[in-house]
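Listed below are the residues making up each chain.
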Amino acid sequence: METVYIAGGCLWGVQAFLKTLPGVEVTEAGRANGSSSSLNGEYDGYAECVRTTFDPEVVSVKTLIEYLFEIIDPYSLNKQGEDVGEKYRTGLYSENPEHLAVAESFLNRRADRERIAVEVLPLTNYIRSAEEHQDRLSKHPDDYCHIPEPLLNKYL
């Protein structure tokens, strides 16, 4: 199993979507690359993300980033749907340099690369989100989500 951290705006919908993908074994709502090791206090620069553990024999990092592009506006900086702010930026983070190279290669091969606001960075910090955010849309299906429901369930 391998792990990447995927940010696509509000993590509720991103987690709900990622859980349906072939090869994704475990998801966890969290915060990537903030400066704090606590959920308390002022905003510390983190991106809402989903820790995504996957079977590389079934799904590749390249395919995962392709899936991410299905649920985001890749040109939107710090905004997805009605969610606005730096914590809603999009990106792929990993402790594995090979994952980052694959993601960068995917972005660099796109004709629209100059317009894309998706960051690809080493994971420097990760904090698991509070329990109320874990699998939020499963528990509260009427909560707001920037991903349309047919897309959330596309791979079920």
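About the thresholds
Residues numbered from 1 in each chain as written. Predicted model: local features only at pLDDT ≥ 70, side-chain atom pairs only at ≥ 80, totals over all residues. Heavy atoms only, no water. Phe/Tyr/Trp six-rings, centres within 6.5 Å; stacked < 30°, edge-to-face > 60°. Helix = DSSP H or I, 4+ residues; strand = E, 2+ residues; numbered from the N terminus. Buried < 20%, exposed > 50% of the residue type's maximum accessible area, 1.4 Å probe, protein only. Core = buried A, V, L, I, M, F, W, Y, C linked by side-chain atoms within 4.5 Å. Contact = heavy atoms within 4.5 Å. Salt bridge = Lys/Arg side-chain N within 4 Å of Asp/Glu carboxyl O.

For the structure shown, the criterion picks out 6 aromatic pairs. Each ring, one from Y5 and one from Y126, has its centre 5.0 Å from the other, and the planes form 55°; the classification is tilted. Of this pair, Y5 sits in strand β1 (residues 2–8) while Y126 sits in strand β8 (residues 126–128), and the two are 121 residues apart along the sequence. With a relative accessible area of 4%, Y5 lands in the buried category. Look at F69 and F106: their rings are 5.3 Å apart centre to centre, the planes differ by 80°, and that puts the pair in the edge-to-face class.

Right, let's talk about unusual backbone geometry for a bit. The backbone of N33 sits at a positive phi, close to 60°, despite the residue not being glycine. Given the relative accessible area of 15%, N33 is considered buried. Located in the positive-phi region is D135, a residue other than glycine, with phi close to 50°. As for its placement among the helices and strands, D135 is situated in the loop between β8 and α4 (136–139). Relative accessible area serves as the criterion here: at 27%, D135 is assigned to the partly exposed category.

What follows deals with the nonpolar core. Within the largest apolar cluster, 36 residues are counted, with the highest numbers of intra-cluster contacts made by I6, L64, F69 and I71. Elements represented by at least two residues in this core include exactly β1, α1 (11–18), β2 (24–32), β3 (47–54), α2 (61–71), α3 (97–108), β7 (118–122) and α5 (149–152). Per-element tally for this core: the top contributor is α2, with 7 residues. Not counting chain neighbours up to four residues away, the residues in contact with I71 comprise V14, F17, Q80, H146, I147 and L151. Counting 8 residues, the second-largest nonpolar core is a separate cluster that includes Y5, A7, C49 and Y126.

Here we come to the pattern of salt bridges. Across all of its chains, the model carries 12 salt bridges by this definition. Its salt-bridge partner being E28, residue R128 comes within 3.0 Å of it at the nearest N-O pair. Of the two residues, R128 is situated in strand β8 and E28 in strand β2; the sequence distance between them amounts to 100 residues. In this structure R128 comes out as partly exposed when scored by relative accessible area, which is 36%. For E131, the salt bridge goes to K139, with nearest N and O atoms at 3.6 Å. Each of E28, R128, E131 and K139 takes part in salt bridges that share partners, so that together they form one network.

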